[in-house]
Amino acid sequence: MNKFYACLALCFLLAACGPPPDEFYCQNAGEKPGTKEYGDCLRYYREQDAIFQNDLAVCSQQADLTYPQTLYDTGGSRRATVFGGYGHGFDGEYGFGDSRRIWIDEEPDEQHNAQVDALRQRIILPCMNAAGWRGSDSWERGRIETKRRRR
């Protein structure tokens, strides 16, 4: 029975993996692997992604000047004192007021980090728009079309 569950877990894991993002993009675009168009699609994906990631890095550096990465809460640990109640000493003896110091792990404050993300986006999104991107989450949202000036 354990082998069954192990096999089932492995199947779910393999199903979750899926193809790399560039292959997924081209397959969803209807291109068939092994064709010239598929190769062109992969090349296009990788070029656009590289340009986008470069622009995002520049914009993130600009956001770092106002809202540095150190503002994010990474969690940590702290010392705490735990007290035993009457008759429940930690060393097995009965008594009152027994205490000990322990370390408590703290998770990052996700709400605080979301607020920092929102503040950083106030700088990153306009910067990405100025670079010609529609958004800061993916190049697949496309480019902002600019009107050509008539001469």
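Overview of the structure. Keep in mind it's a predicted model, so treat the numbers as computed, not measured.

**A look at the pattern of salt bridges**
Evaluation of the coordinates by the stated rule reveals six salt bridges. We note a salt bridge from Asp22 to Arg46, for which the minimum N-O separation is 2.6 Å. Placement of the pair is Asp22 in helix H2 (residues 21-28) and Arg46 in helix H3 (residues 36-66), with a sequence separation of 24 residues. For Asp22, a relative accessible area of 10% translates into the label buried. For Arg46, a relative accessible area of 46% translates into the label partly exposed.

**Topic: the state of the cysteines**
Counting across every chain of the model gives two disulfides. Two residues, Cys26 and Cys41, share a disulfide whose sulfurs are 2.1 Å apart. Looking along the S-S bond of the Cys26-Cys41 disulfide, the torsion reads about -100°, which is the left-handed sense. Placement of the pair is Cys26 in helix H2 and Cys41 in helix H3, with a sequence separation of 15 residues. Judged on exposure class, the residue Cys26 and its partner Cys41 are both buried. Here Cys59 engages in a disulfide with Cys127; their sulfurs sit 2.1 Å apart. Residues Cys59 and Cys127 share a disulfide whose torsion about the S-S bond is about -75°; that sign makes it left-handed.

Conventions adopted
- Residues numbered from 1 in each chain as written.
- Predicted model: local features only at pLDDT ≥ 70, side-chain atom pairs only at ≥ 80, totals over all residues.
- Heavy atoms only, no water.
- Salt bridge = Lys/Arg side-chain N within 4 Å of Asp/Glu carboxyl O.
- Helix = DSSP H or I, 4+ residues; strand = E, 2+ residues; numbered from the N terminus.
- Buried < 20%, exposed > 50% of the residue type's maximum accessible area, 1.4 Å probe, protein only.
- Disulfide = S-S within 2.5 Å.

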